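# Observations on chain architecture
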Amino acid sequence: MGAGALLGVRLPDLAAAPLTIAGEPVEIVITPVSAHTVRVTVVGVDHGRAAPVSGDGSLVRDSWGPPAARFTSLDRAAHVTAGPLTVTLTPDPLTIEVARGGRAAQRLVIDRDTGAFTFQTGDGPVYGMGEGGAQFDRRGHADPMVSGSDGYELRTHGSRVPIPWLIGTAGWAMYVHRPYGTFDLTSSDARFGPRDARGPLPLDVFVVASSEPRVVMAEYALLTGHPEMPPRWAFGYQQSHRTITKPEDILGVARTFREKKLPCDTLIYLGTGFVSSGWNTANGSFQFNAAVFPDPAAMLREFHDLHFRVVLHAVILTDTLSGTVRDGCDLARYDASRAGCYWDAHRADFALGVDGWWPDEGDSLDPASRLTRIRMYWEGPQIDRPNQRPYALHRNGYAGMQRYAPFLWSGDVFSTWETLRTHVAIAINAGLTGIPYWGTDTGGFVPTKELTGELFVRWFQFSAFCPLFRSHGRTWHLRLPWGWNTGELGPNEVSGHYGANPDPSALHDARVEPICRTYLELRSRLMPYLYSAVREAHDTGLPIVRALWMHHPDDPAAVSRSDEYLWGGDMLVAPVLDAAATSRGVYLPRGDWYDYWTEERASGGREIDRAVDLATLPLYVRAGAVIPMGPVEQYTDEVAHAPLTLVVYPGTDGRCTVYEDDGETFEYRRGGWMGLEVEWRDAQRTLSLRLARGSRVLAQGGRRIVVRVVPGHATREVLFEGRPTVVRF
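Residues numbered from 1 in each chain as written. Predicted model: local features only at pLDDT ≥ 70, side-chain atom pairs only at ≥ 80, totals over all residues. Heavy atoms only, no water.

## A few points about the pattern of salt bridges
Per the counting criterion, the structure on display carries 43 salt bridges. Close ionic contact of Asp539 with Arg535 constitutes a salt bridge, the shortest N to O distance being 3.0 Å. Here the residue Asp539 and the residue Arg535 both occupy positions in helix α12 (residues 527–540), the gap between them amounting to 4 residues, near one helical turn. Accessibility expressed as a relative area gives 42% for Asp539, which makes it partly exposed. Its salt-bridge partner being Arg723, residue Glu721 comes within 2.9 Å of it at the nearest N-O pair. Given a relative accessible area of 43%, Glu721 falls into the partly exposed group. By relative accessible area, Arg723 is classed as exposed at 54%. Here the residues in one salt-bridge network are Arg232, Arg389, Asp637, Asp661 and Asp662, joined through shared partners. (Salt bridge = Lys/Arg side-chain N within 4 Å of Asp/Glu carboxyl O. Helix = DSSP H or I, 4+ residues; strand = E, 2+ residues; numbered from the N terminus. Buried < 20%, exposed > 50% of the residue type's maximum accessible area, 1.4 Å probe, protein only.)

Below, the structure is given as structure tokens:
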């Protein structure tokens, strides 16, 4: 049988030879997904029945409605209308072209012998493909798509989280759902090669035809899901610990943060096995180490009294994981490869007051197992705390992981300037692959002779503008904000391992702590801006760390820039990436920009040279932006309903939505949130405030708002009670 009698299809000759891939009869199915996306599926046919496409958990649904056409034979070109898209199939070579408005967006040419296919990269950079791997533009590289620490250049690029989602800035995107395979982008005719033990079928590819960045990211969210909302405290500073031998080791750190008034929300503890003495008794154990936590419940209460959250390291000891936390567990037949049993092992510690988990390792897990594990750490805590958003920090993942609000860090990287330079591009591509909550080990995990107070400061500044702001690494006292001015290394965690500790002469650097304080406090003040970007990610699929391309797709210099990024939609971050730097070249995209530190205005569409000292990370704010800010807090929500400050950067009209909720629960799903729609009219010099539909003012008695227009210090203060309000300057 040829194509079915479906609308919009020119039928081939029914007597044509059957379509085959790798010697197997196949059916090609063309399914419209949206106005921008079409699904191309090639499945085997056995005795006239098409094989199903098995899922791996990455897609939000199995089906997007009836297909537009099916083909089991093809003797000449066939044209399929899929909404506003046109799909053209030709038989020799077997080619499937997706076009919009007469312009081809993508062309897949399938090798009938192997099931491999070529596709066009176009004349612009290719982004995405997960965390790690060769950066920044994926063109020019072959990628085996190997997950974990052995994926690609661990020292500088970190762990690999390969995700077969590619964005072509020439006007296309593509998600290869099935099979798993490799990509070779070393020529304009890029190649996907199946690498699946089950063979090259089914082939299941989603092709997006759009050159609009917001549309492209929305289509990925349509396919694999929107990011869930983590708790707000997860976006505060997180301090990791390694070797700990007695309670004073950790209580002393907690008290020092509060005594020094250095903002910090979370304390993270590594397990025994990776160090000689961690929070638990052995690698993978859920039993507290009595030498460190003699009374776990009492110590957890003390941390909570100091307003810290506590996160514990956990290691998976199986190579597969399946099922859900709701499956239950027969303790007589305990099976750690079942999510119901494995989660059950966490619950006694969780009941003591543990706030979150740090699931490590898992490189050998297949994509479905990785997603099962991530889902487990989202759904498991809700069994016992159904109205509390969970937190988990993962090392592995896959497409669709964002549906369970995981944080991801880049693994055991080395403390070098090259690593820091590389990680800016890694952050951008991770965000473009639907991983909005990403970060790295501040300072690098493995110390080298390049690790100095200067490198730590520059990394700290970068991390302050990553969604995950966490310090972690061997010789861990040097990852404390005050650790570079004690004259001591603390526990020597390099002995017997690769790496090298810094020279002792470097341990009296009084510059480090005050600079760390500056960026801890800035992160705290920018929490309203950051948390609003988190909600935008939840609603739209847009990342928090954004390629300049996302807002400037028609600016070639911006599209190719890999050493700076947008933080949300309105702040440009240009980390200093070289030792002993006295200046930093910054490309300002088209339009006007303000230097955050000096509030001086500069025209964009050009490269500028920004003078820097050690304390300076170049930050720019686009003209027309309204940046919501709060007070400096030692932990999130320290000051209940503190005045919200709106800082206006004039020069053109602008708007934003400030998002607030309780930061902890799921009440926002039931109307417990406030959306403040803000509009700046530059010619009239007025700022309009309006309540977003479906939201309400949460602060009893109204929301106090202070407005400032830069440059200058004059302010206006208003009480917003939900009615439209205009502030005039």
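## Some details on the nonpolar core
Grouped together as the largest cluster of nonpolar side chains are 150 residues, with contacts concentrated most on Tyr269, Phe303, Phe465 and Trp567. Those residues in contact with Phe465 that lie beyond four places of it in its chain are Tyr519, Leu522, Arg523, Leu526, Val545, Tyr565, Trp567, Val573, Leu617 and Leu619. Residues Ile21, Phe117, Val126 and Leu166 belong to the second largest nonpolar core, which totals 43 residues. (Core = buried A, V, L, I, M, F, W, Y, C linked by side-chain atoms within 4.5 Å. Contact = heavy atoms within 4.5 Å.)

## Points about the pairing of strand β9 (residues 103–110)
As defined by bridge partners, strand β8 (residues 94–100) adjoins β9 across 7 bridges and the pair is classed as antiparallel. Within β9, the position partnered with Arg100 by the bridge is Arg103. Between β8 and β9, which pair antiparallel one after the other, the connecting turn spans 2 residues, and Gly101 there sits at a positive phi close to 60°. Direction of pairing for β9 relative to strand β10 (residues 117–120): antiparallel, over a ladder of 2 bridges. Across the sheet, residue Ile110 finds its bridge partner in β10, namely Phe117. Turn length for the β9-β10 hairpin, with the two strands adjacent in sequence and antiparallel, is 6 residues, and the turn residue Gly115 shows positive phi of about 85°. (Pairing = 2+ DSSP bridges.)

## A short note on the sheet that holds strand β18 (residues 238–241)
Reading across from one edge, β21-β20-β19-β18-β25 is the order of the 5 strands in this open sheet, with parallel pairing throughout. Lying at the two open borders of the sheet, with one neighbouring strand each, are β21 (356–360) and β25 (470–471). Relative to the sheet, helix α7 (residues 367–379) contacts β20 (309–315) and β21, its axis offset from that of β21 by approximately 170°. (Axes fitted to C-alpha atoms, helices over the stretch in contact; angles between N-to-C directions.)

## What about the packing of aromatic side chains?
Counted by the stated rule, this structure contains 45 aromatic pairs. Plain terms: the ring middles of Tyr175 and Tyr220 are 6.4 Å apart, the flat faces sit at 85° to each other, and that makes the pair edge-to-face. Of the two residues, Tyr175 sits in strand β14 (residues 172–178) while Tyr220 sits in helix α2 (residues 213–224), which places them 45 residues apart along the sequence. Each member of the pair, Tyr175 as well as Tyr220, carries the same accessibility label: buried. (Phe/Tyr/Trp six-rings, centres within 6.5 Å; stacked < 30°, edge-to-face > 60°.)

## Considering the packing of helix α9 (residues 417–432) against helix α10 (residues 453–463)
Relative to each other, α9 and α10 sit at 5°, their axes nearing to 10 Å. Put simply, α9 runs roughly parallel to α10. Side by side, α9 and α10 meet where Trp417, Thr419, Leu420, His423, Val424 and Ala427 of the first sit next to Glu454, Leu455, Arg458, Trp459 and Phe462 of the second. Considered class by class, the residues forming the contact of α9 with α10 number 7 nonpolar, 2 polar and 2 charged. (Parallel < 35°, antiparallel > 145°, perpendicular 65-115°, else oblique. Nonpolar A, V, L, I, M, F, W, Y, C, P; charged D, E, K, R; others polar.)

## Focus: the state of the cysteines
Tallied over the full model, the rule gives 1 disulfide. Disulfide pairing places Cys329 opposite Cys341 at an S-S distance of 2.0 Å. Judged by the torsion about the S-S bond (95°), the Cys329/Cys341 disulfide is right-handed. Of this pair, Cys329 sits in the loop between β20 and α5 (339–344) while Cys341 sits in helix α5, and the two are 12 residues apart along the sequence. Residue classification places Cys341 among the buried positions, given a relative accessible area of 5%. Here Cys264 stays free of any disulfide, with the sulfur of Cys516 as its closest cysteine sulfur at 12 Å. Given the relative accessible area of 1%, Cys264 is considered buried. The class of Cys516 is buried, set by a relative accessible area of 1%. (Disulfide = S-S within 2.5 Å.)

## Topic: the sheet that holds β8
Strands sit in the order β6-β7-β8-β9-β10-β16-β15-β12 across an open sheet of 8 strands; the sheet is antiparallel. The open sheet has two free edges, formed respectively by β6 (78–82) and β12 (142–143), since each of these has just one partner strand.

## Looking at the pairing of β14
Along β14, 7 of the 7 residues are buried, which leaves the element largely enclosed by surrounding structure. When strand β13 (residues 161–168) meets β14, the two strands line up antiparallel, connected through 4 bridges. Residue Ile167 lies in a different strand from β14, and its bridge partner there is Ala173. Here β13 folds back onto β14 in antiparallel fashion, the turn holding 3 residues, of which Gly171 has a positive phi close to 125°. Both β14 and strand β17 (residues 203–209) contribute to a ladder of 6 bridges, which runs antiparallel. Looking across to β17, one finds that Ala173 is bridged to Val208.

## Focus: unusual backbone geometry
Peptide bonds are trans in most cases, and residues, glycine excluded, mostly fall at negative phi. Of note, the amide linkage connecting Arg178 to Pro179 takes the cis form, showing an omega dihedral of -10°. Residue placement: Pro179 occurs in the loop between β14 and β15 (181–184). Geometrically, the link from Val710 to Pro711 is a cis peptide bond, its omega value of -10° lying close to zero. Position of Pro711 among the secondary structure elements: in the loop between β39 (703–709) and β40 (715–720). In this structure, Met129 is a non-glycine residue whose phi angle is positive, near 70°. On the secondary structure map, Met129 appears in strand β11 (residues 126–131). Accessibility expressed as a relative area gives 2% for Met129, which makes it buried.

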